[in-house]
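Inside the fold
Take a look at the letters that make up each chain.
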Amino acid sequence: MKNFNQLLELILVFFISVNVISCSKDNEPEITSFVMEKTYFEVPINQSKQIFINNGSLDLDFSIIDNEMANITYSLIKDDQNKPIGCLQIDAKKKGTFQLLITDKISNENNTLTIKIVDTYLSINFSTSNHPLLTTSSSLFLINDEQHTFYLFTEDNMTHTLKKSCIGNYSFSLEKYDEDYVPYLTLSYISDNNGMPTNENLPTTDYKFSLLGSSTSLYSIINYYLGVDWNSLKELANTSSIKHTQSNIDSSSSTITNPLQTRDNSPESSANIIMMEMNRGYSASGEIVKESIPENILK
């Protein structure tokens, strides 16, 4: 009888153990296949990009051939539903393209990402405009490259995607009025008589916009992302043979005594911009925004 009771106890312990193990497995999150739906990313130099991973075991290993182009860090964070997800952060250091091999340590599945480090740029969205090109459905991207290239994209109402509509060049300048300085942004592109881009064999047209009335933070943002040296532009304005007087500009807009700001490690990310083109009467206003240029445009 004693042996029988011991046998029953052993059987009971066995079933309890099996049930506990089964419940424990049921409570464990299901591990899905490790698949990166997007494998190509662009990151502006000296900026960061976060890539979120929500499948696989999240226990990942990384292999990079050229680690001089970027710093790679990985951490686990919680999503909006308090579930763990992986956060891959890429801190861009040098222009170029490299491959990043990611391996799931549990399943040994791997994915290869292509990371392209591109020039920094600024994006402007317009809220009001009477310029035929700079419409309220357009995004203007100023690129910090050697050619000072700008790209203008318009939003397709059907697909809600950006489509390239114009390529040109830009420049910033200062003009001295008495003891004050007026900042200008000049957009240069081949246009017809109505200001629209054309493929005809015509000379480049300059559209010179005063930036009077824009946010004061605009100048440090331009300096940081586009490398514009306002101090050098100030010296150039001081030595210019062209003399401007206060009467040459709109009296309703005040000049700025000193738009110059030193390079900031973390400038504000947004600012209002007001653009006035005196010769043709064009004007536009908008905001510097954090918008990514469509991929495979920048070299």
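Residues numbered from 1 in each chain as written. Predicted model: local features only at pLDDT ≥ 70, side-chain atom pairs only at ≥ 80, totals over all residues. Heavy atoms only, no water.

**Points about the environment of Phe-172**
Take Phe-172: it is sitting in strand S11 (residues 162-177). C-alpha of Phe-172 to C-alpha of Tyr-184: the two residues are twelve residues apart in sequence and 5.6 Å apart in space. When sequence neighbours within four positions are dropped, the list of residues in contact with Phe-172 reads Leu-142, Tyr-184, Leu-185, Leu-211, Ile-222, Leu-226, Val-228, Trp-230 and Leu-233. (Helix = DSSP H or I, 4+ residues; strand = E, 2+ residues; numbered from the N terminus. Contact = heavy atoms within 4.5 Å.)

**Details of the sheet that holds strand S3 (residues 60-64)**
Read across the open sheet, the four strands follow the order S1-S7-S6-S3; overall the sheet is mixed. Each end of this open sheet is capped by a strand with a single partner; those strands are strand S1 (40-44) and S3. Shown here is a sheet whose adjacent strand axes are inclined to one another by a mean of 30°, direction ignored. (Pairing = 2+ DSSP bridges. Axes fitted to C-alpha atoms, helices over the stretch in contact; angles between N-to-C directions.)

**Details of the sheet that holds strand S4 (residues 70-78)**
Strand order in the open sheet made by the three strands is S2-S5-S4, with antiparallel pairing throughout. The two strands at the open ends of the sheet, each matched to only one other strand, are strand S2 (48-53) and S4. The average undirected angle you get between the axes of adjacent strands in this sheet is 20°. When S4 meets strand S5 (residues 84-92), the two strands line up antiparallel, connected through nine bridges. Bridged to Ser-75 within S5 is Cys-87.

**A look at the packing of aromatic side chains**
All told, the structure shown has eleven aromatic pairs when counted by the stated rule. Ring centres of Tyr-151 and Phe-153 lie 6.5 Å apart, and the angle between their planes is 35°; this geometry places the pair in the tilted category. Taking relative accessible area as the criterion, Phe-153 reaches 2% and is therefore assigned buried. With a centroid separation of 5.9 Å and 75° between ring planes, the pair formed by Tyr-170 and Phe-172 is classed as edge-to-face. One aromatic cluster is present, formed by Tyr-121, Phe-141, Tyr-151 and Phe-153 through successive ring pairs. Seen from the ring of Phe-41, Lys-38 lies directly overhead, with NZ or CZ sitting 4.3 Å from the centre. Over the aromatic face of Tyr-184 sits the side chain of Lys-208, whose NZ or CZ is 4.7 Å from the ring centroid. (Phe/Tyr/Trp six-rings, centres within 6.5 Å; stacked < 30°, edge-to-face > 60°. Buried < 20%, exposed > 50% of the residue type's maximum accessible area, 1.4 Å probe, protein only. Lys NZ or Arg CZ within 6 Å of the ring centre and 35° of its normal.)

**Looking at helix H3 (residues 230-239)**
Listed in full, the buried residues belonging to H3 are Trp-230, Leu-233 and Ala-237. Along H3, the residues classed as buried sweep out an arc of 60° about the axis, all on the same side. Exposed residues lying more than 90 degrees from the buried face of H3 are Glu-235, Leu-236 and Thr-239. The N-cap residue of H3 is Asp-229: its side-chain oxygen and the backbone nitrogen of Asn-231 are 3.1 Å apart. (Arc of directions from axis to C-beta. Polar contact = N/O pair within 3.5 Å; in protein donor to acceptor, adjacent residues only side chain to side chain.)

**A closer look at helix H2 (residues 218-226)**
Of all nine residues that make up H2, nine are buried, and the element is covered over most of its length. When we look at burial in H2, the residues that qualify are Leu-218, Tyr-219, Ser-220, Ile-221, Ile-222, Asn-223, Tyr-224, Tyr-225 and Leu-226. Among the residues trailing H2, Gly-227 stands out with phi positive, at a value near 70°.

**Let's talk about the confidence of the model for the protein chain**
Detail in the predicted coordinates should be disregarded across regions flagged by low pLDDT. Within the protein chain, residue pLDDT values average 84, and 80% of them lie at 70 or more. Ranking the elements of the protein chain by mean pLDDT puts helix H1 (residues 2-27) last with 52 and S1 first with 97. Residue range residues 20-26 is modelled with pLDDT below 50. Its contacts to residues more than four positions away, or to other chains, number zero contacts. Taken as a whole, residues 247-257 scores under 50 in pLDDT and shows 21 contacts with residues more than four places along the chain or in a different chain. (pLDDT = per-residue confidence, 0-100.)

**Focus on the nonpolar core**
Side chains of a nonpolar character, in soluble globular proteins, are inclined to be buried together. In this structure, Leu-142, Phe-172 and Leu-187 are the most contacted members of the largest nonpolar core, which totals 37 residues. Not counting chain neighbours up to four residues away, the residues in contact with Leu-187 comprise Leu-134, Leu-140, Leu-142, Phe-150, Asn-169, Tyr-170, Thr-205, Asp-206, Tyr-207 and Phe-209. One finds Ile-45, Met-69, Ile-90 and Leu-100 within the second-largest nonpolar core, a separate group that totals 20 residues. (Core = buried A, V, L, I, M, F, W, Y, C linked by side-chain atoms within 4.5 Å.)

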